[in-house]
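Take a look at the letters that make up each chain.
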Amino acid sequence: MEEAAPDVTATTAIELVQGDITQQSVDAIVNAANSSLLGGGGVDGAIHRRGGPEILAACRALRASRYGKGLPTGQAVATTAGKLDARWVIHTVGPVWSATDDRSELLASCYRESLRVADELGARTVAFPAISTGVYGWPIDDGARIAVRTVRETADVSIEVVRFVLFDKTAYDAFEAQMG
Ligand code: ADP
């Protein structure tokens, strides 16, 4: 008997929920971090507050080793999830919105690289916030478009579920409009 061929048609299911990403039970929670990896507001602040000091300690260790200059925009790196109900936090740095400079590819890279890191770790369920759409000012409709499209296009991973966790109804509706 030959071994069954891998199921190349398997796709990642996309879920939308309105809520707080720090309350999710998933393998990996993605953090909309900043390049310093040393904490900030929004999702980042919430993750460190609820996840406890272990996450910041792991981020400090990354700054002392591989990412001495900080994590570049569009890249992703994993740490422990501390007290969160997840195995890993994957930190990614979104681009700051610019009206004159098209940084869409960097935003897409955040989703792609986070999925790649999650896949390498063996994560099957991943929660994402709407990266760059808070303090970094990305318009939510366009942020949602890039997020959904990039996850759909990232086919070469074994992630079973991607859950977008949207903080408010406006963000939820923007993502829902992309799901058709
Ligand atoms: P960025 O600096 O990448 O813009 P922010 O954390 O400021 O990141 O915001 C990203 C998105 O996450 C925004 O849409 C914001 O409303 C939302 N957000 C803020 N806190 C949470 C949370 N606890 N859970 C889920 N989403 C959140």
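Please refer to the structure higher up on the page.
Residues numbered from 1 in each chain as written. Predicted model: local features only at pLDDT ≥ 70, side-chain atom pairs only at ≥ 80, totals over all residues. Heavy atoms only, no water.

1. Side note on the pairing of strand E2 (residues 28–33)
No. 1: Across the six residues of E2, five count as buried, placing the element largely inside the fold.
No. 2: Pairing analysis gives six bridges linking E2 to strand E4 (residues 88–93), with the strands arranged parallel. Residue pairing in the sheet places Ala33 in a bridge with Val93 of E4.
No. 3: When E2 meets strand E5 (residues 125–128), the two strands line up parallel, connected through two bridges. Paired with Ile29 across the strands is Ala127, a residue of E5. (Buried < 20%, exposed > 50% of the residue type's maximum accessible area, 1.4 Å probe, protein only. Helix = DSSP H or I, 4+ residues; strand = E, 2+ residues; numbered from the N terminus. Pairing = 2+ DSSP bridges.)

2. Quick notes on helix H1 (residues 42–51)
No. 1: Within H1, burial applies to Asp44, Gly45, Ala46, Ile47, His48 and Gly51.
No. 2: Looking at the buried positions of H1, the neighbouring elements they touch are E2, helix H2 (53–63) and E4.
No. 3: Where H1 ends, the next residue or the one after it, Gly52, has phi of about 85 degrees, a positive value. (Contact = heavy atoms within 4.5 Å.)

3. A look at the pairing of E5
No. 1: Bridge count between E5 and strand E6 (residues 161–166): four bridges; the pairing is parallel. The residue of E6 that forms the bridge with Val126 is Val162.
No. 2: Running through helix H4 (residues 140–153), the crossover from E5 to the neighbouring parallel element E6 is right-handed. (Right-handed = clockwise from strand over helix to strand, strands pointing away.)

4. Examining the site of the ligand
No. 1: Neighbouring the ligand are 15 residues, the closest being Asp20, Val43, Ser132, Thr133 and Gly134.
No. 2: At a separation of 2.9 Å, an oxygen atom of the ligand approaches a polar backbone atom of Ser132.
No. 3: Within the complex, 89% of the 560 Å² of free accessible area of the ligand lies under protein.
No. 4: Among the elements that take part in the shell around the ligand, H1 stands out by supplying three residues, more than any other. (Near = heavy atom within 4 Å. Polar contact = N/O pair within 3.5 Å; in protein donor to acceptor, adjacent residues only side chain to side chain. Areas by Shrake-Rupley, 256 points an atom, 1.4 Å probe, with all protein chains shown as cover.)

5. Side note on the state of the cysteines
No. 1: Going through the model one piece at a time under the given rule, you end up with zero disulfides.
No. 2: Free cysteine Cys59: the closest other cysteine sulfur is in Cys110, separated by 15 Å. (Disulfide = S-S within 2.5 Å.)

6. Overview of the environment of Ala108
No. 1: Take Ala108: it is sitting in helix H3 (residues 104–121).
No. 2: We classify Ala108 as buried; its relative accessible area is 2%.
No. 3: For the pair formed by Ala108 and Val135, sequence separation is 27 residues and the distance between their alpha carbons is 18 Å.
No. 4: Residue contacts for Ala108: discarding those within four places in its chain leaves Ile146 and Thr150.

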